[in-house]
Amino acid sequence: QLKDAVAAAAIAEVRPQLHRDTVLGIGTGSTANLFIDRLAELRHDFAGAVASSEASAERLRGHGIEVFELNSVGTVPFYIDGADEVNAHLHMIKGGGAALTREKVVAACAETFICIADASKRVERLGAFPLPVEVIPMARSYVARELVKLGADPVYREGVVTDNGNQIIDCYDFMIDDPLAMEVRLNAIVGVVTNGLFAARGADVLLLGTAQGVERLTP
Ligand code: DER
């Protein structure tokens, strides 16, 4: 299973750097879950983790791993998380799991962002995966109209409320040629909390699961 191979590779990558007082930044999604499950056996080798979602926090606690509030930790040496798409610059689209805001915050506090993904996530151009945008509920329709002006087809992700009490709009038919510029442009739409472009702060290392094994890529 390619996802399991990259989770194992991420454990191998961080294990030598673990100390009793280390707090790790942990992502959200099925690949991050495999990493969390493998962390369990190392739980006595580090202090705990900061989670990018309540779901990941619960999974960590279930393994007896202490979960810390980010405000009491400050920075973390590593952030390990999956992605929906990742390009050659290690810019990503994230947010498939509706955790993009806390993911982006913890990533901002991490020295090294290790992205773990199977080969299906590797793309030349970002945007085939519908770009998630987290919005405050009262601004949803306004933001959707602004996204149409940018060329997107905005679709409200019905029935989903984020850990922050917000809603998600997914931008379909929205190929992105300049992720850095578009990330800044989307952040400028009032009512947008976070968008799923991780370009200003992309990954530092990509562990990519391929049929030939795990490739370790850097920007
Ligand atoms: O929501 C997210 O950003 C997740 O990290 C997602 O992008 C990856 O989820 P997966 O590992 O289940 O594909």
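Residues numbered from 1 in each chain as written. Predicted model: local features only at pLDDT ≥ 70, side-chain atom pairs only at ≥ 80, totals over all residues. Heavy atoms only, no water.

Engineer: Explain the sheet that holds strand β3 (residues 76-81) to me, please; I cannot follow it from the model alone.
Structural biologist: The strands that make up a sheet are held in pairs by hydrogen bonds between backbone atoms, and each pair lies either parallel or antiparallel. Taken in spatial order, the six strands line up as β2-β1-β3-β6-β12-β13 in an open sheet, and their pairing is mixed. Two strands bound the open sheet, and with one partner strand each, they are β2 (48-51) and β13 (213-217). The sheet shows a mean angle of 20 degrees between the axes of neighbouring strands, taken without regard to direction. Packed on one face of the sheet, helix α1 (residues 2-14) meets β3, β6 (110-118), β12 (205-210) and β13 and runs near 145 degrees to β12. (Pairing = 2+ DSSP bridges. Helix = DSSP H or I, 4+ residues; strand = E, 2+ residues; numbered from the N terminus. Axes fitted to C-alpha atoms, helices over the stretch in contact; angles between N-to-C directions. Contact = heavy atoms within 4.5 Å.)

Engineer: Which parts of the structure should I look at to understand helix α5 (residues 140-149)?
Structural biologist: Since the α-helix packs 3.6 residues into each turn, any two residues three or four apart lie on the same face. Those residues of α5 that fall on the buried side of the exposure criterion are Val143, Glu146 and Leu147. Angularly, the buried residues of α5 cover 100 degrees about the axis, an arc narrow enough to put them on a single face. Of the exposed residues in α5, those oriented more than 90 degrees away from the buried face are Arg145 and Lys149. Packed against the buried residues of α5 are β7 (131-135), β8 (153-156), β9 (167-172), α6 (179-187) and β10 (192-195). Two residues or fewer past α5, glycine 151 is found with a positive phi of approximately 100 degrees. (Buried < 20%, exposed > 50% of the residue type's maximum accessible area, 1.4 Å probe, protein only. Arc of directions from axis to C-beta.)

Engineer: Can you help me understand the confidence of the model for the protein in this one?
Structural biologist: Predicted coordinates in regions of low pLDDT should not be interpreted in detail. Looking at the protein as a whole, the pLDDT averages 98, with 100% of positions reaching at least 70. Reported for the predicted complex are a pTM of 0.98 and an ipTM of 0.97. (pLDDT = per-residue confidence, 0-100.)

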